[in-house]
Amino acid sequence: PLALGLYTVNAVYGDTITMPCRLEVPDGLMFGKWKYEMPNGSPVFIAFRSSTKKNVQYDDVPDYKDRLSLSENYTLSIKNARISDEKRFVCMLVTEDDVSEEPTIVKVFKQPSQPEILHQADFLETEKLQMLGECVARDSYPEGNVTWYKNGRVLQPVEDVVVINLQKIVDKSTGLFTMTSSLQYMPTKEDANAKFSCIVTYYGPSGQKTIQSEPVVFDVHYPTEKVTIQVLSQSSTVKEGDNITLKCSGNGNPPPQEFLFYIPGEAEGIRSSDTYVMADVRRNATGEYKCSLTDKSMMDSTTITVHYLDLQLTPSGEVTKQIGEALPVSCTISSSRNATVFWIKDNTRMQTSPSFSSLQYQDAGNYICETTLQEVEGLKKRKTLKLIVEGKPQIKMTKKTNTNKMSKTIVCHVEGFPKPAVQWTVTGSGSIINKAKETKYVNGKFSSKIVIAPEENVTLTCIAENQLERTVTSLNVSAISIPEYDEPEDRNDDNSEKVNDQAKLIVGIVVGLLLAALVAVTLFSHYRTASKHVDKDLGNIEENKKLEENNHKSET
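Residues numbered from 1 in each chain as written. Predicted model: local features only at pLDDT ≥ 70, side-chain atom pairs only at ≥ 80, totals over all residues. Heavy atoms only, no water.

(A) Representation of the overall build of the chain in the model. Of regular secondary structure, the chain possesses two helices and 43 strands. Going through the 556 residues of the chain one by one, you find that 36% of them count as buried. In the chain, the proportion of contacts linking residues at least 24 apart, taken out of those at least 6 apart, comes to 60%. (Helix = DSSP H or I, 4+ residues; strand = E, 2+ residues; numbered from the N terminus. Buried < 20%, exposed > 50% of the residue type's maximum accessible area, 1.4 Å probe, protein only. Contact = heavy atoms within 4.5 Å.)

Given below as structure tokens:
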């Protein structure tokens, strides 16, 4: 490289400066020398080398003591380059007839340290010009320049908004520069989270270069422009018994710490932090809630609805009624919204609401009226009715001859609640029959059954007794050897099958046809044998009369 037409060597501060002698070595060379020129032009010799004796001598120059080295080709090296080495050096080759000289210019460069933003402001306030900080880059040569950036864009000076001052100080002992650039800045609200940095531009051996500082973010303070009130809740709705937490916030920085809360029914605002808690709210807490700054300059409002649900069941609790009585039941709902109502009886959901015009035993049970507000989580009410239907014992007795013709089954059909206790007795002996079998007690009904094989006519008595009454019913039963009309068992209870009317009709028709056929056959038979059996028929009549007399005596 050339400087003003002269050969120039660029060196890095602290490195070794190497300057070749750019002269051709002439014939008859005696020696070579290096010198540098003072600012006033006077020379200072620093190194000598003889071409014949091959020895090197260095002049006593304090700045270059122990730093010089002169090679055989007269190249001069200077260790540990300094800023003061920026001089004009001259190589001299001497013969007996001539002296040749060739100058070299030395330029020294020093990269500055990475710039730092020092004396940073604790925070910035909008609408106020204040010192943001100082960008400092040290030990540069030659001096560099400092540029400020915000979010990667250059900050240009603007009067009373962006004010930049650059100072350059040189260290006299080293000749190195320190650049300090201060930035005064008036921020806006949009400068929150903005990144400020500075870049130092300097020159090195290969040209212009830059070094950037670490970015810095400042806390920007600005006043509140809007107030917002919120209802903090785990659910989107509020119901009676909940806690309500109101939160008031301002969009300033730093945010305001105190507010005034306005509660329905309160004439004055309540001074509080940014939250206000109301515990176990009732339905009268429904209304408009407001909050404002303590100076009442800004305000926001919200409406809160406290949902409620009331249920009234009439009657409720344990209720005892007599069979056949009427019982009106009502379940009344009062709520903040339309509620869903349903009934449950003995853990089974009912299709309709219960209504009792004439109570039956099957109506007894545990009834629950339950209601919910589907839009309000957790709002549910229920009340219970335990219905007890009481009745005095009612008895109906039936008998039938078993298919084997060897025994008869006597059934005592009992209704009543509480469940009656059943006893059997035989007229004459009065003894209790303990071999009776009972069916399951369902809806106030059950049956007690015994099987007997009487050798003579007897009377059986069924006794049913509960806390309300004692009921007694008797039934005459003929001896097993004597045919009699059998009464069918009562099957009009929950333990028996319901008789189908169509089946009854079909059976009646079939029985009628069979009886008609039987009568026709009988008449025809009697007609053919009448004359042969007159005497025998008379005998049978006498025998029947005797049997009737015996039966009458036995019944007596």
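(B) Focus on the sheet that holds strand β26 (residues 270-272). As summarised here, the arrangement of the four strands in space is β26-β25-β28-β29, forming an open sheet in which the pairing is antiparallel. One side of each edge strand has no neighbouring strand; the edge strands of this open sheet are β26 and β29 (299-304). The average angle at which neighbouring strand axes cross in this sheet is 25°, direction not considered. Where strand β25 (residues 259-262) lies against β26, three bridges are found, and the strand directions are antiparallel. Its bridge partner being in β26, Phe259 is matched across the sheet by Ser272. (Pairing = 2+ DSSP bridges. Axes fitted to C-alpha atoms, helices over the stretch in contact; angles between N-to-C directions.)

(C) Examining the nonpolar core more closely. Ranked by internal contacts, the top residues of the largest apolar core, which has 50 residues, are Met19, Trp34, Ile46, Leu76 and Phe89. Each of two domains, domain 1 (8-109) and domain 2 (116-221), supplies a minimum of three residues to this core. If sequence neighbours within four positions are ignored, Met19 has contacts with Val9, Trp34, Tyr74, Thr75, Leu76, Ile78, Phe89, Thr104 and Val106. (Core = buried A, V, L, I, M, F, W, Y, C linked by side-chain atoms within 4.5 Å. Domains from an automatic or database assignment.)

(D) Local environment of the packing of aromatic side chains. Following the criterion strictly, the structure yields 10 aromatic pairs and no others. Geometrically, the ring pair formed by Phe31 and Phe48 is tilted, given 5.0 Å between the ring centres and 45° between the ring planes. Remark: Phe48 occurs in strand β5 (residues 43-50) and Phe31 occurs in strand β4 (residues 29-37); sequence separation between them is 17 residues. Ring geometry for Tyr185 against Phe196: centres 5.3 Å apart, planes inclined by 70°, an arrangement best described as edge-to-face. (Phe/Tyr/Trp six-rings, centres within 6.5 Å; stacked < 30°, edge-to-face > 60°.)

(E) Geometry of unusual backbone geometry. Residues Tyr141 and Pro142 are joined by a peptide bond in cis, for which omega reads -5°. Relative to the assigned elements, Pro142 resides in the loop between β13 (130-140) and β14 (145-150). Positive phi, close to 50°, is recorded for Asn80, a residue that is not glycine. Inspection of the secondary structure assignment puts Asn80 in the loop between β8 (76-78) and β9 (88-95). Phi at Asn193 is positive, roughly 70°, even though this residue is not glycine.

(F) Structural context of the sheet that holds strand β43 (residues 470-477). As summarised here, the arrangement of the three strands in space is β39-β42-β43, forming an open sheet in which the pairing is antiparallel. Two strands lie at the open edges of the sheet, namely β39 (421-426) and β43, each paired on one side alone. The mean inter-strand angle of the sheet, taken between neighbouring strand axes irrespective of direction, is 20°. Sheet analysis places β39 next to strand β42 (residues 458-465), joined by six bridges and oriented antiparallel. Pairing of Thr425 across the sheet is with Thr461, part of β42.

(G) Focus on the state of the cysteines. If you walk through the whole model with that rule in mind, you get five disulfides. Two residues share a disulfide in this structure: Cys331 and Cys369, whose sulfurs sit 1.9 Å from each other. Here the disulfide of Cys331 and Cys369 is left-handed, its torsion about the S-S bond being about -90°. With a gap of 38 residues between them, Cys331 in strand β33 (residues 330-335) and Cys369 in strand β36 (residues 365-372) connect regions that are remote in the sequence. Residue Cys369 is classed as buried on the basis of its relative accessible area of 0%. (Disulfide = S-S within 2.5 Å.)

(H) Structural detail: the confidence of the model for the chain. Mean pLDDT for the chain: 86, with 85% of residues reaching 70 or above. In this model residues 491-507 is a low-confidence stretch, pLDDT under 50, and it forms 15 contacts with partners more than four residues away in sequence or in other chains. Here residues 523-556 is modelled with pLDDT under 50, and outside its nearest four sequence neighbours on either side it reaches three contacts, counting other chains as well. (pLDDT = per-residue confidence, 0-100.)

(I) Fine view of the pattern of salt bridges. Within this structure, the stated rule accounts for 23 salt bridges. One salt bridge connects Lys128 with Glu125, and the closest N-O pair in it is separated by 3.6 Å. Relative accessible area serves as the criterion here: at 40%, Lys128 is assigned to the partly exposed category. Glu125 gets classed as partly exposed once you look at its relative accessible area, which sits at 30%. One salt bridge in this structure joins Glu258 and Arg271, with 3.1 Å as the shortest N-O distance. Placement of the pair is Glu258 in the loop between β24 (244-250) and β25 and Arg271 in strand β26, with a sequence separation of 13 residues. Given the relative accessible area of 39%, Glu258 is considered partly exposed. (Salt bridge = Lys/Arg side-chain N within 4 Å of Asp/Glu carboxyl O.)

(J) View of the environment of Pro20. Mapped onto the elements of the fold, Pro20 is located in the loop between β3 (17-19) and β4. Taking the relative accessible area as the measure of exposure, Pro20 reaches 30% and is therefore partly exposed. Separated by 53 residues in sequence, Pro20 and Asn73 place their C-alpha atoms 8.0 Å apart.

(K) Examining the environment of Ile117 more closely. When you line up the elements, Ile117 lands in strand β11 (residues 116-118). If sequence neighbours within four positions are ignored, Ile117 has contacts with Gly133, Glu134, Cys135, Trp148, Phe196, Ser197, Cys198, Ser213, Glu214 and Val216.

(L) Expanded view of the environment of Thr126. Mapped onto the secondary structure, Thr126 falls in the loop between β12 (124-125) and β13. Linking Thr126 and Tyr222, residues 96 residues apart in sequence, is a C-alpha distance of 5.7 Å. Not counting the four nearest positions on each side in its chain, Thr126 is found in contact with Pro187, Thr188, Lys189, Val220, His221, Tyr222 and Pro223.

(M) A look at the side chain of Ser447. Here Ser447 lies in strand β41 (residues 445-452). Judged by relative accessible area, Ser447 falls into the buried class, the value being 9%. In this structure the side chain of Ser447 is engaged in a polar contact, spanning 3.1 Å, whose partner is the side chain of His413. (Polar contact = N/O pair within 3.5 Å; in protein donor to acceptor, adjacent residues only side chain to side chain.)

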